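# An overview of the molecular structure
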There are 2 protein chains.
Amino acid sequence: MAGSAPGVPLYREVKRLLMDALIAGDWRPGTALPAERVLADRFEVAIGTLRKAVDDLVQENILVRQQGRGTFVATHSRERYQFQFFHVVDRGGHAEYPHVRLLDFRKGRAEDEEAAALRIARGGPVFRIKNLLAMRGAPVDVDRITLAQQRFPGLTDRQLRERPGTLYQLYQTAFAITVVRSAERLRAVGADEDAARLLGVDPGSPLLEIRRVAFTYADDPVEFRLSVVNTADHDYVTDLRPDRR
Amino acid sequence: MAGSAPGVPLYREVKRLLMDALIAGDWRPGTALPAERVLADRFEVAIGTLRKAVDDLVQENILVRQQGRGTFVATHSRERYQFQFFHVVDRGGHAEYPHVRLLDFRKGRAEDEEAAALRIARGGPVFRIKNLLAMRGAPVDVDRITLAQQRFPGLTDRQLRERPGTLYQLYQTAFAITVVRSAERLRAVGADEDAARLLGVDPGSPLLEIRRVAFTYADDPVEFRLSVVNTADHDYVTDLRPDRR
DNA sequence: AAGTGGTCTAGACCACCAT
DNA sequence: TGGTGGTCTAGACCACTTA
């Protein structure tokens, strides 16, 4: 690790190198990284410095440590989706992974909001996915998802229909895109005709509208999602923290 | 640090001791802790171990480090409130501390939901505060706050009216209660008559309802707050992170 | 210049997991 | 038993703040 930039801590440089390797695909999701001692030797830093870099990546949900086993590249499981991205729980507080039904899949051209969120040109080619999410058999949430065609070449509705897990698992396994973070903006709206019909409520009923932008490494946006949630029997919860303490 | 519990890391014990001192009021909010080297000597641990304990408390927003100056007990400023607790921003994304007007202050007996949230007996004595929050002159949010009388002895509407900063600053300075964390549940509702009048919308208009429980040290709940927000021109945003990276 | 937190080292030993 | 991450030590030196 000779010749680092001035003023930048060594462990930040190491973190940068680890992230570069992850972005380059040197270690696939779910696989173990070399042992910390090995990585420390490779980067020619002390073990403590290496660990500090890994600490950061673990905190950002990019790596997962398991004592006695190793350090792994994080994968997208249902559990992870539920804790990190899906914040809707039933009134009792029971978290449950929803049942997802594909309603529509088509190509289109990016509207202003989509283009801005995905940082692509306005009118650029996108995929649009429309899903109906149900919990305990009752429809709760309509998701409209927008993806840049360029990032998901050859995506088909068959992939969406046959996918066993979460969409983010599909992104990861089929397109080597790992979602690591999301930002959401929420507001209350009145149900439009379409949402009212799908969710089984009266038009104009209050619904929770969620705009989510999902990012992969380096704060690169890859998905825009507009969710409309019937909060008659469900809440959006912050604080689903299996972290801290 | 001889005689620690088996299986508990030393830095956790140190963290426990630091929190005990904070709860006991050994260091007042805003004041500096002894230097890390001094604390390490006092607890008879290595500096690295002491730092790891402090790291945790910094991450939990309980302590604040300032290089070259010291480590301080976190205080409640408007900035902190805005980033950690107040998640409403205008559509452009501009965060702005709202103007608060006290509408009502009275004593009452805890309803079921309030009692459960505050972990007090049903029907127990509480204070109820009703505030109208405005941004850029326009009313945006009605807050109904419930506090256990026992935790805030002698609270008066004069204190609320003359308070220069945030409510959490008042809790901290006048009642030695430091809010360190909150949990929120959100849903969309139709405006009732009262909210409609205060926010200047039609009854039944969709509003965002937020239930917040605020906790002090040791996950001890001290405030229940029901907010109703007009999201016509504002959003609730997650991800107001001045942390990480 | 003195004092603070921030980084970095080079180990030792412990707890846990797989075999 | 051997390999992994987790904890802990006892320093040295750097960067920043204050006086």
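Residues numbered from 1 in each chain as written. Chains lettered and ligands numbered in written order. Predicted model: local features only at pLDDT ≥ 70, side-chain atom pairs only at ≥ 80, totals over all residues. Heavy atoms only, no water.

## Quick notes on the pattern of salt bridges
All names here are of chain B. Per the stated rule, a full pass over the model turns up 52 salt bridges over all chains. Here Glu36 and Arg65 are joined by a salt bridge, their closest N and O atoms 3.1 Å apart. Remark: Arg65 occurs in strand β1 (residues 63-66) and Glu36 occurs in helix α2 (residues 36-43); sequence separation between them is 29 residues. Residue classification places Glu36 among the buried residues on the basis of a relative accessible area of 17%. Looking at Arg65, the relative accessible area reads 27%, which means it is partly exposed. (Salt bridge = Lys/Arg side-chain N within 4 Å of Asp/Glu carboxyl O. Helix = DSSP H or I, 4+ residues; strand = E, 2+ residues; numbered from the N terminus. Buried < 20%, exposed > 50% of the residue type's maximum accessible area, 1.4 Å probe, protein only.)

## Regarding the domain arrangement of chain A
By a widespread convention, an interface's size corresponds to the accessible area lost as its parts come together. Residues and elements named next belong to chain A. Domain boundaries assigned for chain A yield domain 1 (10-73) and domain 2 (78-236). Just the C-alpha atoms count here: the centres of domain 1 and domain 2 sit 31 Å apart. Taken together, the contact between domain 1 and domain 2 spans eight residues of the former and seven residues of the latter. The three residues of domain 1 that bury the most area against domain 2 are Pro29, Asn61 and Ile62, which together make up 52% of that side's buried surface. Counting across the interface, domain 1 meets domain 2 through one residue pair in polar contact (both at pLDDT 80 or more). Grouping the constituent residues of the side of domain 1 that touches domain 2 by class yields five nonpolar, one polar and two charged. (Domains from an automatic or database assignment. Contact = heavy atoms within 4.5 Å. Buried area = accessible area lost by both parts, 1.4 Å probe. Polar contact = N/O pair within 3.5 Å; in protein donor to acceptor, adjacent residues only side chain to side chain. Nonpolar A, V, L, I, M, F, W, Y, C, P; charged D, E, K, R; others polar.)

## Side note on the sheet that holds strand β10 (residues 234-237) of chain A
Spatially, β3(A)-β10(A)-β7(B)-β8(B)-β9(B)-β6(B)-β5(B)-β4(B) is the arrangement adopted by the eight strands of the open sheet, whose pairing is antiparallel. Here the strands that pair on one side only, and so sit at the sheet edges, are β3 (88-90) of chain A together with β4 (99-109) of chain B. Shown here is a sheet whose adjacent strand axes are inclined to one another by a mean of 25°, direction ignored. Its contacts with the sheet place helix α7 (residues 167-175) of chain B against β5 (125-135), β6 (138-148), β8 (206-216) and β9 (220-229) of chain B, and it is angled at close to 160° to β9(B). (Pairing = 2+ DSSP bridges. Axes fitted to C-alpha atoms, helices over the stretch in contact; angles between N-to-C directions.)

## Concerning the interface of chain B and chain A
With 32 residues of chain B in contact, the opposing surface of chain A contributes 31 residues. Put simply, chain B and chain A have four salt bridges between them. Residues B:Arg185 and A:Asp235 are paired through a salt bridge, measuring 2.8 Å at the closest nitrogen-oxygen approach. Linking chain B with chain A are 14 residue pairs in polar contact (both at pLDDT 80 or more). For the side of chain B that touches chain A, the class distribution of residues is 10 nonpolar, seven polar and 15 charged. Direction of pairing for strand β7 (residues 181-190) of chain A relative to strand β10 (residues 234-237) of chain B: antiparallel, over a ladder of two bridges. The residue of β10(B) that forms the bridge with A:Leu186 is B:Tyr236.

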